[in-house]
Amino acid sequence: MVRRWLALLAAALLLLVACTDDTSGDDDADGVAATTSSTAAPPETTTETTADDEYDFDPGSGDRSSTHRVVESPEPEVTVLDAGAEPRRELRLVFVPGSEQSLTMQMMMAQQLFVDGAPVNPEVELTYTFDIASRVVEVDDGSATVEMTYTDFDLVDQGPMGPAEVAQFERTMDGFMGLSFFVTTNDRGATLRVEIPRDFPATGVGGVDDMLQEFDTPSVPLPVEAVGVGARWQVEHAPAPLSDLPMPTVTEVELLELHDDHVVMRNTAVTAIEPSTIDTPQGSVEFLDGEITNRGTLTWFFDSVNPASDIAGEGVMSFVETMGSQQVEAELHQRMQVTSTVHD
């Protein structure tokens, strides 16, 4: 389920396009960069939360409506394309109340903005790591509610950013530290319910509703049917109903290894950016189209809420930014590499 958390952090990187734009004096390009920066960066009034802050939750009550926004979603459609070789078995996660784990993720992201087919800036690439602590707070009929908290962040390679841009990026990331999210998942790894803090330091033009969609698209739910090595299945995620930026995703999974306590899977996820318009303080952003493809392997132990992963992705997003009478069409090109390690 944590793999989709990456999009929450990826939005923060958009501000770097503007921060590193010192190669073009074109007014249109400057307009796009300025709008991207202002919509991606957190507002000055955002209250930063540190790892030392504590929340007064009752994890067992299931009611955190005063502190969290809630979205419930239907399970994604999982279709088995090939059941694989014998022996076959049903793949199920086993949750233990009170069990704890931590996840360390290293993420490389690169982005470059193009206007009229020409680059506005050099490709911006940076690498950072972050840690997420998870705790199973409740188990009910095979489903588990898991509290996840961002606990640490480290900018490993700042790329071309200067001191001011590094400080702004770190302020954005620091806003995540100490925040707790609650995710309810069934024993096949499908997300059923997500609770996101109301004081979440929203980044990106889509706001919190689009971040809720990222939780609405979990990692790779396991099939209902018994499967064996070589099995293939397809997972279809519909856009979240609250989202202003619809992003349906289709994931194809192949079971590479089947062991008593874990599986190894190879997956390819294709996310489409559907046409939509989002209002911004400066005007609007109209998304025309786009596609993001992620490929890699997942190792999932049945007693773990998070799979370990090694994922590479790339994508292009086309959009039109409007600021008053000014309108500019642009493309955002992205690359990423993500490696995650689970610690008991």
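Cut-offs used in this document
- Residues numbered from 1 in each chain as written.
- Predicted model: local features only at pLDDT ≥ 70, side-chain atom pairs only at ≥ 80, totals over all residues.
- Heavy atoms only, no water.
- Helix = DSSP H or I, 4+ residues; strand = E, 2+ residues; numbered from the N terminus.
- Buried < 20%, exposed > 50% of the residue type's maximum accessible area, 1.4 Å probe, protein only.
- Contact = heavy atoms within 4.5 Å.
- Areas by Shrake-Rupley, 256 points an atom, 1.4 Å probe, with all protein chains shown as cover.
- Salt bridge = Lys/Arg side-chain N within 4 Å of Asp/Glu carboxyl O.
- Expected span 1.5 Å × (residues − 1).
- Arc of directions from axis to C-beta.
- Polar contact = N/O pair within 3.5 Å; in protein donor to acceptor, adjacent residues only side chain to side chain.
- Patch = residues over 30% accessible without salt bridge, like charges linked within 9 Å, V, L, I, M, F, W, Y side chains within 5 Å.
- Lys, Arg positive; Asp, Glu negative; His and termini not counted.
- Charge placed at Lys NZ, Arg CZ, Asp CG, Glu CD.
- Core = buried A, V, L, I, M, F, W, Y, C linked by side-chain atoms within 4.5 Å.

With that out of the way, let us pick up the overall build of the chain. What the chain contains, in helices and strands, is five helices and 15 strands. Buried residues in the chain amount to 53% of all 344 residues. By sequence separation, contacts in the chain at least 24 residues apart represent 69% of the contacts at least 6 residues apart. Carbon and sulfur atoms make up 46% of the accessible area of the chain, which totals about 14400 Å².

This part takes up the pattern of salt bridges. Scanning the entire structure with this criterion turns up seven salt bridges. Glutamate 86 is the salt-bridge partner of arginine 88, the closest N and O atoms lying 3.9 Å from each other. Glutamate 86 sits in the exposed class, given a relative accessible area of 61%. Across the pair glutamate 147 and arginine 135 runs a salt bridge, and its minimum N-O distance is 2.6 Å. You can see glutamate 147 sitting in strand 6 (residues 143–157) and its partner arginine 135 sitting in strand 5 (residues 124–140), a full twelve residues away along the chain. Judged by relative accessible area, glutamate 147 falls into the buried class, the value being 12%. Connected through shared salt-bridge partners, Glu123, Glu125 and Arg335 make up one network.

Bringing helix 4 (residues 163–174) into the picture now. Taking 1.5 Å as the rise per residue, helix 4 with twelve residues should run 16 Å; its terminal C-alpha atoms sit 16 Å apart, in good agreement. Restricting attention to buried positions, one finds in helix 4 the residues Glu165, Val166, Gln168, Phe169, Thr172 and Met173. All buried residues of helix 4 lie within an arc of 165° about the axis, which places them on one face of the element. Residues of helix 4 that are exposed and point over 90 degrees away from its buried face: Pro163 and Ala164.

So, on to the side chain of asparagine 121. Residue position: asparagine 121 is located in the loop between strand 4 (118–119) and strand 5. Reaching out from asparagine 121, the side chain makes a polar contact with the backbone nitrogen of leucine 113 at a distance of 3.4 Å.

This next bit is on the environment of phenylalanine 130. Among the structural elements, phenylalanine 130 can be located in strand 5. Along the sequence, phenylalanine 130 and phenylalanine 153 sit 23 residues apart, while their C-alpha atoms lie 4.3 Å from each other.

So, on to the side chain of serine 309. In this structure, serine 309 sits in strand 14 (residues 308–323). Within polar-contact distance, the side chain of serine 309 engages the side chain of serine 340 at 2.7 Å. When residues no more than four places from it in sequence are discounted, the contact partners of serine 309 are Thr297, Leu298, Val338, Thr339 and Ser340.

In this section: unusual backbone geometry. Put simply, glutamate 86 and proline 87 share a cis peptide bond, and its omega is 0°. Looking at the element boundaries, proline 87 is found in the loop between strand 2 (77–82) and strand 3 (100–115). Backbone geometry places aspartate 116, a non-glycine residue, at a positive phi of 55°. Relative to the elements of secondary structure, aspartate 116 occurs in the loop between strand 3 and strand 4. A positive phi angle is found at aspartate 141, which is not glycine, with a value near 55°. With a relative accessible area of 76%, aspartate 141 lands in the exposed category.

There is a patch of like negative charges on the surface, built from Asp116, Glu286, Asp289, Glu329 and Glu331. Looking at the negative patch, the elements with two or more residues in it are strand 13 (283–301) and strand 15 (326–343). One can find glutamate 331 in strand 15.

Core analysis: the biggest nonpolar cluster contains 44 residues, and Leu91, Tyr128, Leu155, Phe169, Trp233, Leu255 and Met265 have the highest contact counts within it. Residue contributions to this core peak at six residues, all from strand 6. Core analysis: the next-biggest nonpolar cluster, separate from the first, contains 14 residues, Val115, Ile273, Phe287 and Ala330 among them.

In this structure, glutamate 75 sits in the loop between strand 1 (68–72) and strand 2. For glutamate 75, a relative accessible area of 39% translates into the label partly exposed. Sequence separation between glutamate 75 and leucine 192 is 117 residues, and the spatial gap between their C-alpha atoms is 6.5 Å. With residues near it in sequence (within four places) discarded, glutamate 75 still touches Asn186, Arg188, Ala190 and Leu192.

It is worth spelling out the environment of phenylalanine 287 at this point. Mapped onto the elements of the fold, phenylalanine 287 is located in strand 13. Considering only alpha carbons, one finds phenylalanine 287 and glutamate 329, 42 residues apart in sequence, at a separation of 9.7 Å.

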